[in-house]
Amino acid sequence: VQLQAYGGGLVQAGGFLRLSCAASGRTFRTYTTGWFRQAPGKEREFVAAIFRSGVGTYYADFVKGRFAISRDNAKNTVYLQMNSLKPEDTAVYYCAADPSIIMSSLRLPYQYDYWGQGTQVTVSS
């Protein structure tokens, strides 16, 4: 499967963006998909994930209540709605997918086999 992340941009603090992760391949619906981010000089960190079934969603504590992950399997796309953005949310955001990842590994970037190219999100104060 190939992933393409897009939707990033420059936004003021308190604003919103919606990121999209578009996938090729008919089997994408069977892949658990996550969003990660990486700020300059920092390690890549988990943001959110959604199980292949779409039933289970998981978030990093710092985005709970502000971000929402969802998927449209008919469009082979996973979304990350980001509201109430803060300057500290500035980073390159990546989507990742894997067909066999388990719940305990959702937050671990090295457990995902497929990655998109990243999209820059910049939040100004």
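The structure this text deals with has already been given above.
So, how was this worked out
- Residues numbered from 1 in each chain as written.
- Predicted model: local features only at pLDDT ≥ 70, side-chain atom pairs only at ≥ 80, totals over all residues.
- Heavy atoms only, no water.
- Helix = DSSP H or I, 4+ residues; strand = E, 2+ residues; numbered from the N terminus.
- Rg over C-alpha atoms; globule rule 2.2 N^0.38 Å.
- Salt bridge = Lys/Arg side-chain N within 4 Å of Asp/Glu carboxyl O.
- Buried < 20%, exposed > 50% of the residue type's maximum accessible area, 1.4 Å probe, protein only.
- Phe/Tyr/Trp six-rings, centres within 6.5 Å; stacked < 30°, edge-to-face > 60°.
- Lys NZ or Arg CZ within 6 Å of the ring centre and 35° of its normal.
- Pairing = 2+ DSSP bridges.

(A) Quick peek at the overall build of the protein. Looking only at helices and strands, the protein features zero helices and 11 strands. The order of α-helices and β-strands along the protein, N terminus first, is β-β-β-β-β-β-β-β-β-β-β. The C-alpha radius of gyration of the protein comes to 13 Å, within 12% of the 14 Å expected for a compact globule of 125 residues. Projecting the C-alpha coordinates of the protein onto the three principal axes gives extents of approximately 40 × 25 × 25 Å.

(B) A look at the pattern of salt bridges. Across all of its chains, the model carries four salt bridges by this definition. The shortest N-O distance in the salt bridge between Arg37 and Glu45 comes to 2.7 Å. With a shortest N-O distance of 2.9 Å, Arg37 and Asp89 are connected by a salt bridge. One end of the pair, Arg37, is in strand 4 (residues 32–38); the other, Asp89, is in the loop between strand 8 (77–82) and strand 9 (91–98), and 52 residues separate them in sequence. As far as burial versus exposure is concerned, Arg37 and Asp89 are alike and both buried. A single network of salt bridges, built from pairs that share partners, joins Arg37, Glu45, Arg66 and Asp89.

(C) Expanded view of the packing of aromatic side chains. Inspection of the entire model under this criterion finds eight aromatic pairs. A centroid spacing of 6.4 Å and a plane angle of 25° characterise the contact between Phe28 and Tyr31, whose relative ring orientation is stacked. A centroid spacing of 5.9 Å and a plane angle of 75° characterise the contact between Phe51 and Tyr58, whose relative ring orientation is edge-to-face. Taking the relative accessible area as the measure of exposure, Phe51 reaches 13% and is therefore buried. Relative accessible area serves as the criterion here: at 23%, Tyr58 is assigned to the partly exposed category. Over the ring of Trp115 we find Arg44, and its NZ or CZ is 4.9 Å from the ring centre. Sitting over the face of the ring of Phe28, Arg71 holds its NZ or CZ atom 5.1 Å from the ring centroid.

(D) The pairing of strand 11 (residues 119–124), seen in detail. Every second residue of strand 11 is oriented toward a common face, the buried set being Thr119, Val121 and Val123 and the non-buried set Gln120, Thr122 and Ser124. As defined by bridge partners, strand 2 (residues 9–12) adjoins strand 11 across four bridges and the pair is classed as parallel. Residue Gln12 lies in a different strand from strand 11, and its bridge partner there is Ser124. Pairing of strand 9 with strand 11 involves three bridges; the strand directions are antiparallel. Looking across to strand 11, one finds that Tyr93 is bridged to Thr119.

That's the geometry; what it means functionally is another story.
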